[in-house]
Amino acid sequence: MLDQTSQWYKLQYPECFVNEEERMLQKTLADFTDKEIMPVRDKIDDDVTHEKIINPILKKLQVDLGCQKNAIPKDYGGNQLSIVGCALKQEQIARGDYGISMHSAVTEWVWVPTLLAHLAPFSPAAKAWAKAVLDEFAPRFTSNEFHAGCFNMSETESACDIENSLNEGRTIKVTAKLEGNEWVINGNKFWASNAGIADLNCVVCNMDPKLGIDAFTLVYVPEPWPGVSHGKFEVKCGMQADRNTSTYFDNVRVPKEWGLQGPEAWALFKNTLAAPMPLNAAHAVGILQGAFDVLLEYTGERVAGGKPIRKHLSSATILGEMASVITVGRSAFLELAHQYDHMEIYGGWDTESMMAKGHAVHVFITTKLPELILKGMELMGCYGYIRENHYEKYYRDAAVAKLVLAGVQYGYFATCRQFYDLDYSSFGPGKLKKPS
Ligand SMILES: Cc1cc2nc3c(=O)[nH]c(=O)nc-3n(C[C@H](O)[C@H](O)[C@H](O)COP(=O)(O)OP(=O)(O)OC[C@H]3O[C@@H](n4cnc5c(N)ncnc54)[C@H](O)[C@@H]3O)c2cc1C
């Protein structure tokens, strides 16, 4: 149970970063996680059809608690949460299950391009696009029906290369073509969270890869929709509550108003790629907190070598190290989220400096996470490796946190760009030829 009155809590979530409204949201989600997710967390990844455990939890979280409208503007009936609010939410849910948390985060992600175009100073064309998309689709997500979103970007041939902004969209194979008053989309996507269950995709396309940014296009495609189909759901090491599969676009036609092309679409894409840095860092802190709580309790009860395991100094160094990384990781994601919420002071999310800071925070916590959770498993002996003791799920969840968002290597490259002109583009001598 999250005790917001303790001194430790106040030190972990300082007033300079977290306001009263965000604190109330955090408490609601902490209590939700304790009540709805914790008691079944060891069974979530075995709910193959999602019908028994996962969908009932998602419905309560997304509809009853209103999380599916978190990234919809207030004037469209949404919650328009701050980034600090979103990060606190992800931390609490990931403490119970990373897959549930990822599902919820990605439904917010699909709205980020339109939310930014609606709120920030973009051109009338970008604003008209955001209006068309919000007018058409926001009412679904603000209703009492369960809906999911998908930011559909990755492709089978290197997803990192698409996220790599130095490539300027030239490796994107999914094409969008304007024919009269319609976009026609062709090609295959792979990996996106919520693919196959989403009602709304934001599809990352290029009209002509050799033109790079000028032909870069974002198009919203609802589902079900003629020409859109999917592959099988991937069976992953963990986080089964997050669905991943391919999406096939076969001459998919949508109205022209649902797509935006060119440098502004590219700017919105770069901001959308940056948006999850504080949120996935918060996920990682939540996963580590969940594992730490299990370990603290177990090692207080289990006696080995004549005393409770946690009283041995060798164990205390592992528990202390986990608490130390949680503390630093939490400070870092809160500070970053606060800076995201104050672009007027700290600059845009897509600036080189903000990207460097975002990736630096993200790689720090996501690389520490699996290594520490595995170390902690030693303290539980064989009991840590068994589902019903609740520890091994954090080990499985932890592995993937550092693979998403182009992975940690890409994160280090982006961090270095703050200091020198590191070239990690996919094109050049010994690499790919630019499309011509
Ligand atoms: C659970 C999960 C959820 C996901 N959710 C989404 C989603 O919602 N939407 C979506 O579109 N995608 C999603 N993805 C895809 C994810 O973003 C990609 O998997 C990720 O970007 C890595 O791409 P890849 O696996 O194709 O790795 P690759 O592109 O094959 O890269 C592999 C490795 O190559 C190295 N590398 C990459 N770039 C360079 C470089 N420039 N120079 C040198 N080395 C390099 C790195 O070590 C990298 O980790 C998800 C993936 C998972 C597993």
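Everything here concerns the structure above.
Computed from a predicted structure; not experimentally measured.

*Asks:* Explain the packing of helix α6 (residues 112-119) against helix α7 (residues 124-141) to me, using residue names and the numbers behind them.
*Replies:* Between α6 and α7, the shortest axis-to-axis distance is 8 Å and the interhelical angle comes to 125°. In terms of axis orientation, α6 runs oblique to α7. Like other packed secondary-structure pairs, α6 and α7 cross with a definite hand, here left-handed. Between α6 and α7, the residues in contact are Thr114, Ala117 and His118 and Ala126, Lys127, Trp129, Ala130, Val133 and Leu134, respectively. A per-class count over the contact of α6 with α7 returns 6 nonpolar, 2 polar and 1 charged.

*Asks:* Describe in detail the nonpolar core, supporting the description with residues and values.
*Replies:* With 134 residues, the main nonpolar core has Ala87, Ile185, Val219, Ala281, Ile287, Leu288 and Phe333 as its most contacted residues. Examining the composition of this core, we find that 13 residues originate from one element, helix α10 (residues 276-301), more than from any other. In this structure, Ala87 is in contact with Pro278, Leu279, Ala282, Phe333, Leu334 and Ala337, ignoring residues within four places of it in sequence.

*Asks:* Mind laying out the site of the ligand, listing which residues take part and the relevant values?
*Replies:* Near the ligand you find 26 residues, and of these Met153, Ser154, Ala159, Cys160 and Gly407 are the closest. Among the secondary structure elements, those contributing two or more residues to the shell around the ligand are β1 (149-152), α8 (159-163) and α15 (407-416). Tallying contributions element by element places α8 first for the shell around the ligand, with 4 residues. Tallied by class, the residues present in the shell around the ligand amount to 15 nonpolar, 8 polar and 3 charged. Split by domain, the shell around the ligand shows at least three residues from each of two domains, domain 2 (149-262) and domain 3 (271-416).

Rules used in this analysis
- Residues numbered from 1 in each chain as written.
- Predicted model: local features only at pLDDT ≥ 70, side-chain atom pairs only at ≥ 80, totals over all residues.
- Axes fitted to C-alpha atoms, helices over the stretch in contact; angles between N-to-C directions.
- Helix = DSSP H or I, 4+ residues; strand = E, 2+ residues; numbered from the N terminus.
- Parallel < 35°, antiparallel > 145°, perpendicular 65-115°, else oblique.
- Left-handed = near helix turned anticlockwise from the far one by under 90°.
- Contact = placed C-beta atoms within 7 Å.
- Nonpolar A, V, L, I, M, F, W, Y, C, P; charged D, E, K, R; others polar.
- Core = buried A, V, L, I, M, F, W, Y, C linked by C-beta atoms within 7 Å.
- Buried ≥ 20, exposed ≤ 12 C-beta atoms within 10 Å, placed from the backbone.
- Near = placed C-beta within 6 Å.
- Domains from an automatic or database assignment.

Without other data, these values stay purely geometric and don't point to any function.
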